[in-house]
Amino acid sequence: MRTKILLFFVLAITALTLASFIGHNNDTNKTFVVVLDAGHGGKDPGNRGNGYKEKDIALDVTLKVGKILEKQPYIKVIYTRKTDVFLELHERAAIANKADADVFVSIHCNSHHTQAYGAETFVMGLSKSKQNLNTAKKENEVIFLEDDYEEKYVGFDPNSPESFIGLTILQEEYLDQSIMLAGLIQSNMVNNLKRKDRSVKQDVFWVLHNTYMPSVLVELGFLTHKKEGPYVNSKKGREQLAREIANGIVTYRKNLLLATAESQNPVITEKEIEEAMEKAEEDIYEDVVFKVQLLASKKKIETFAYNFNGLKEVNRHLEDGLYKYYYGKTSDYNKIRLMQTYAKDNGYPTCYIVAFRDGEKLKLSQVLKSGDK
Ligand SMILES: [Zn+2]
């Protein structure tokens with residue numbers, strides 16, 4: 001039985017290590033699917049600040065972002081629309097979900113009755129400030145153009161984002177990643193193009209609500225502003241904005257790969273080892289104490305966990321003029337094997353198990369052979 005458990009554990013560790021290696025390679029080469037969503041379209045022109053058409057600018061910038069991304073190996077781009085057509089909000093999310101996309105990026109232009117200006121990027125969430133509601137309200141109003149909107153958006157009133165509370169927010173699970181993506185796009189637009197930073201914000205955007213992946217909504221700038229409107233509408237402005245958004249997405253993918261590689265580093269956590277020890281069948285040798293010898297040294301080291309890569313309750317014995325440092329103390333051979341695995345994985349690759357009886361060191365092989373239980 002003992003052998004079975006150990007074998008299982010060794011196999012599990014090997015599998016973990018292999019999986020991390022193979023998994024890492026897979027992730028690096030895996031197609032990264034980006035769904036680009038040009039806001040509005042068809043009978044929904046979006047805002048008409050300064051006489052510009054949000055739906056046309058959004059589409060043009062979206063296609064430009066896509067063109068840049070399509071040149072990247074491993075990135076596949078899917079568009080919710082490539083022409084001037086009307087799409088309902090839920091259809092946009094459905095396209096992204098069907099594609100099992102890695103990210104969803106919706107592109108829009110802002111408007112306001114004042115001379116407000118600047119770029120901002122939104123993630124889904126309940127608004128922290130009333131000021132943001134204005135933008136969310138306008139982007140959600142398209143719902144009124146849809147047939148049977150009352151049936152389709154049960155419980156949601158675009159004029160009252162608070163009505164959203166109580167509906168499931170699928171996006172919560174992806175909030176951290178959405179904020180990272182939004183942050184990268186936003187800082188690119190602000191820092192590289194010297195735009196006014198209206199920052200990354202949370203608000204209730206229906207188009208983001210139903211997606212099963214990190215999702216953001218970019219507001220390129222205010223068409224209603226006397227300087228920003230012409231800039232966002234200009235060829236140069238569109239190209240610059242598209243480039244910064246595309247770079248933000250590329251950086252996001254890179255960051256994600258790095259984070260994945262790190263988290264897959266096959267270091268066993270303390271929790272995992274404790275769980276394994278709890279589950280492991282007992283294999284008690286009476287009157288025998290097993291320990292893991294970490295190292296022998298002339299140096300007297302204080303046995304604090306931080307001196308031993310986080311290993312707790314390390315013991316020190318002076319033996320034959322050498323300080324020996326032991327980890328663990330148990331009569332359970334299965335437990336000590338698990339502790340050895342943990343110590344090996346935490347910076348003591350050459351550590352080994354020693355056995356004691358009445359304070360005297362025994363030969364491990366003999367203890368195991370004797371089956372003295
Ligand atoms: Zn819009």
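Everything that follows concerns the structure shown earlier in this document.
All of the points below concern the structure found in this document.

The rules behind the values
Residues numbered from 1 in each chain as written. Predicted model: local features only at pLDDT ≥ 70, side-chain atom pairs only at ≥ 80, totals over all residues. Heavy atoms only, no water. Pairing = 2+ DSSP bridges. Helix = DSSP H or I, 4+ residues; strand = E, 2+ residues; numbered from the N terminus. Axes fitted to C-alpha atoms, helices over the stretch in contact; angles between N-to-C directions. Contact = heavy atoms within 4.5 Å. Buried < 20%, exposed > 50% of the residue type's maximum accessible area, 1.4 Å probe, protein only. Donors = N, O, S within 2.8 Å, 3.2 Å for Na, K, Ca; no water.

**Thoughts on the sheet that holds strand β9 (residues 322-330)**
Thought 1: With antiparallel pairing, the five strands of this open sheet are ordered in space as β8-β9-β7-β10-β11. The two strands at the open ends of the sheet, each matched to only one other strand, are β8 (314-319) and β11 (360-362). Taking the axes of each pair of neighbouring strands and ignoring which way they run, one obtains an average angle of 45° across the sheet.
Thought 2: Each of β7 (289-297), β9 and β10 (352-357) is contacted by helix α11 (residues 333-345), which is oriented at about 125° to β9, the strand it contacts most.

**Notes on the pairing of strand β4 (residues 119-124)**
Thought 1: Burial analysis of β4 places six of its six residues in the buried class, which makes it a mostly covered element.
Thought 2: The alternating pattern of β4 places Ala119, Thr121 and Val123 on one face and Glu120, Phe122 and Met124 on the opposite face, and all of these are buried.
Thought 3: With five bridges joining them, β4 and strand β5 (residues 197-203) adopt parallel strand pairing. Paired with valine 123 across the bridge in β5 is glutamine 202.

**Some remarks on unusual backbone geometry**
Thought 1: For tyrosine 74, which is not a glycine, the phi torsion comes out positive at approximately 75°.
Thought 2: Secondary-structure assignment places tyrosine 74 in the loop between α2 (54-70) and β2 (75-79).
Thought 3: The exposure class of tyrosine 74 is partly exposed, given its relative accessible area of 39%.
Thought 4: Of note in the backbone geometry, aspartate 287 takes a positive phi value of approximately 65° without being a glycine.
Thought 5: On the accessibility criterion, aspartate 287 (59% relative accessible area) is exposed.

**Points about the coordination of the zinc ion**
Thought 1: Here the zinc ion is held by His40 (NE2), Glu54 (OE), His108 (ND1), Glu139 (OE) and Glu139 (OE), and the distances to it run 2.0 to 2.5 Å.
Thought 2: Taken in sequence order, the residues that donate to the zinc ion follow the motif H-x13-E-x53-H-x30-E. Note that histidine 40 is positioned in the loop between β1 (32-38) and α2 and histidine 108 in strand β3 (residues 103-110), a separation of 68 residues in sequence. Across the pair, exposure class does not vary: histidine 40 and histidine 108 are buried alike.

**Here's the deal with the sheet that holds β1**
Thought 1: Across the sheet, six strands lie side by side as β2-β1-β3-β6-β4-β5; this open sheet has mixed pairing. The open sheet has two edge strands, β2 and β5, and neither has a second partner. The sheet shows a mean angle of 20° between the axes of neighbouring strands, taken without regard to direction.
Thought 2: Bridge count between β4 and strand β6 (residues 215-222): four bridges; the pairing is antiparallel. In the strand pairing of β6, valine 123 is matched with valine 216.
Thought 3: Along the sheet, helix α3 (residues 89-98) contacts β1, β2 and β3; its crossing angle with β1, the most-contacted strand, is approximately 170°.
Thought 4: Its contacts with the sheet place helix α6 (residues 175-193) against β3, β4, β5 and β6, and it is angled at close to 175° to β4.

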